[in-house]
Amino acid sequence: MITRRDRPGTFLLTLAVAIVLTLLYLPPVLDAFRPYWVALILIYWCLETQGMINLGKAFIIGLLLDLLGGSLLGLHALSLVILVYLVTRFRARLRFFPPWQQALSVFALLLNDRIILLWIISLRGDPLPSLGFWLPPIVGTLLWPWLFLMLDWVRASVRRRASS
Amino acid sequence: MVTGGSGAGTKFFGPAAQTARLMLYGLLAIVLMAMDQRGHYVDAFRNQVAYLTEPVYHVVEWPVRAMRNLFGQMQSHRSLRQENSDLREALLGQKGSLQRLETLNEENRRLRALIEGAQGQAFDYQFAELVRVDLDPFSHKVMVDRGSGDGVEVGQAVIDGAGVMGQVEEVHLHFSTIRLISDPNHALPVQINRTGLRTVAFGSGVTGALLMPSVPRQADVREGDLVVTSGLGDRFPGGYPVATITSINRGKGQTFVTVEATPLAALDRGREVLLINAPAKEVPATQVPTVEKEEQALPDEKEAGGDET
């Protein structure tokens, strides 16, 4: 399906949108449901392109996210590096999973990420978060198929425009 | 050896090299986190980068601002008039109570002059609005739209209409970040308004609760008591309301009771805040010659400097 190399511009655009969605103000009730947008975007680009996302880029994007979000410097860097590592490792398998199975593996990835975050929280000595802490992976999984289709569509239309 | 890894890395693409790279980056991230947590080694770096991050915040805030303007324009004339008259009524009520406050203030000053000479000070306030950007939910920070350009300084106390919110932690040109009192690493010197008992209120990590772990067992504390700042620690001026006590846990065989309190300020949903400009170096207003209770009061009052991670 993908024959031509994708442009980094498309990736940067989707990343920018994901970062905006991460920081966008939501009423406190909805805030708990906010998925880990940047992770979802990175999983997509890891799966669909060969070698466009590497660990170094994931690290830098994570640092950027930490600086913007005011979290502990290196927190998101660690989480995204591990995520990208896992996706590139199992890329060949994940790519050919049927959609529901892929969504399940995305769930596993996001859940793993939350567990890492929980580990860091407990290392810092902060109190353990409430049950709402586990909502974002669920929301992310439910969003995944739609996000996948939408990103496919974005990429296809960018490529079409470039070739015409 | 592994290369730095910022290149495309086609040469070292084997799984072993990849794992080594994962280790490298993971280690780097952990070192950074430790540096951020333990000392303030990375603060300078954060300040440098603020020039890059500031435009991003503006972009993110733009849709919210646009929405608000749109709603503002759609509000009907009548509802505005209604709101206007409501506000006028509220203002009148507040003016009434302020008049009494003025006389009380005067009386207070006279009494203080009689006792010691420590004087109550008048504070200047600076209005600021929260920047509508959601920071990391575990960071316990909010941003306001005033920065060093408006004379904001690190350490200034921040309150909203109902009570103390936190203190200014980083100042950039056009915005500054505020550490909320709900942060588990934040300690706020307080006293219980009814009895004058001094203690320290720590953040609990949840926006709806503060903890006071070091109240002596025999102390006179009741549910519903108002907790105000004590003015010790030289960071928060004294006498501002902080929280009301919601529960008191008198566990058996413990020297201290754990008191839980609900902050009065709208930590997670406020919109406007006031930054307090403290007048230069004076004795905090609340250093009243003390109640005897204070002897037993607090082992760790000294460490209650304000923040510190």
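None of the values given here were measured: they were computed from a predicted structure.

**Section: the overall build of chain B**
Right, on to step 1. When its secondary structure is counted, chain B shows 4 helices and 12 strands.
Right, on to step 2. When the 309 residues of chain B are sorted by exposure, 29% land in the buried category.
Right, on to step 3. By sequence separation, contacts in chain B at least 24 residues apart represent 60% of the contacts at least 6 residues apart.

**Observations concerning the interface of chain B and chain A**
Right, on to step 1. Between chain B and chain A, the residue contacts involve 39 residues of the former and 31 residues of the latter.
Right, on to step 2. Those elements that provide at least two residues to the side of chain B that touches chain A are helix H1 (15–38) and helix H2 (43–74) of chain B.
Right, on to step 3. Taken together, the residues of the side of chain B that touches chain A break down into 18 nonpolar, 12 polar and 9 charged.

**Section: the pairing of strand E8 (residues 210–216) of chain B**
Looking down a regular strand, the side chains alternate between one sheet face and the other.
All names here are of chain B.
Right, on to step 1. When strand E7 (residues 198–203) meets E8, the two strands line up antiparallel, connected through 2 bridges. Note on E8: the bridge partner recorded for glycine 203 is leucine 210.
Right, on to step 2. If you look at the hairpin formed by E7 and E8, you'll find 6 residues sitting between the two strands, and glycine 205 has a positive phi there, around 90°.

**Notes on helix H4 (residues 55–69) of chain A**
Residue and element names in this part refer to chain A.
Right, on to step 1. The terminal C-alpha atoms of H4, which comprises 15 residues, lie 21 Å apart, in line with the 21 Å expected from a rise of 1.5 Å per residue.
Right, on to step 2. Among the 15 residues in H4, 13 count as buried, and that is most of the element.
Right, on to step 3. Downstream of H4 by one or two residues, glycine 70 has phi in the positive range, about 75°.

**Topic: the domain arrangement of chain B**
Right, on to step 1. Under the domain assignment, chain B is made up of domain 1 (13–63), domain 2 (75–117) and domain 3 (124–287 + 294–309).
Right, on to step 2. Placing a centre on the C-alpha atoms of domain 1 of chain B and another on those of domain 2 of chain B gives a separation of 47 Å.

**Some thoughts on the sheet that holds strand E5 (residues 176–180) of chain B**
All names here are of chain B.
Right, on to step 1. Ordered in space as E1-E12-E3-E4-E5-E2, the 6 strands form an open sheet in which the pairing is antiparallel. Either end of the sheet is taken by a strand with one partner, and the two such strands are strand E1 (124–129) and strand E2 (141–144). Direction aside, neighbouring strands of the sheet carry axes that sit 35° apart on average.
Right, on to step 2. In the sheet, strand E3 (residues 157–159) pairs with strand E4 (residues 164–171) via 3 bridges, with the strands oriented antiparallel. Counted as the bridge partner of alanine 157 is glutamine 167 from E4.

**Some remarks on the nonpolar core**
Right, on to step 1. Counting 94 residues, the largest nonpolar core has Val38(A), Leu42(A), Ile43(A), Val81(A), Val84(A), Met165(B) and Ala201(B) as the members making the most contacts within it.
Right, on to step 2. The two domains that each donate at least three residues to this core are domain 1 (13–63) and domain 3 (124–287 + 294–309) of chain B.
Right, on to step 3. If near-sequence neighbours (up to four positions away) are discounted, Val38(A) is found in contact with Ala18(A), Ile19(A), Thr22(A), Ile61(A) and Leu65(A).

**Quick notes on the sheet that holds strand E10 (residues 241–249) of chain B**
All names here are of chain B.
Right, on to step 1. The strand order around the closed barrel built from 6 strands is E6-E7-E8-E11-E10-E9, with neighbouring strands paired in antiparallel fashion. This sheet shows a mean twist of 40° between the axes of neighbouring strands, independent of strand direction.
Right, on to step 2. In this sheet, E7 lies alongside strand E6 (residues 187–192) in antiparallel orientation, the contact comprising 5 bridges. Bridging from a neighbouring strand, alanine 187 pairs with phenylalanine 202 of E7.

Definitions and limits used
Residues numbered from 1 in each chain as written. Chains lettered and ligands numbered in written order. Predicted model: local features only at pLDDT ≥ 70, side-chain atom pairs only at ≥ 80, totals over all residues. Helix = DSSP H or I, 4+ residues; strand = E, 2+ residues; numbered from the N terminus. Buried ≥ 20, exposed ≤ 12 C-beta atoms within 10 Å, placed from the backbone. Contact = placed C-beta atoms within 7 Å. Nonpolar A, V, L, I, M, F, W, Y, C, P; charged D, E, K, R; others polar. Pairing = 2+ DSSP bridges. Expected span 1.5 Å × (residues − 1). Domains from an automatic or database assignment. Axes fitted to C-alpha atoms, helices over the stretch in contact; angles between N-to-C directions. Core = buried A, V, L, I, M, F, W, Y, C linked by C-beta atoms within 7 Å.

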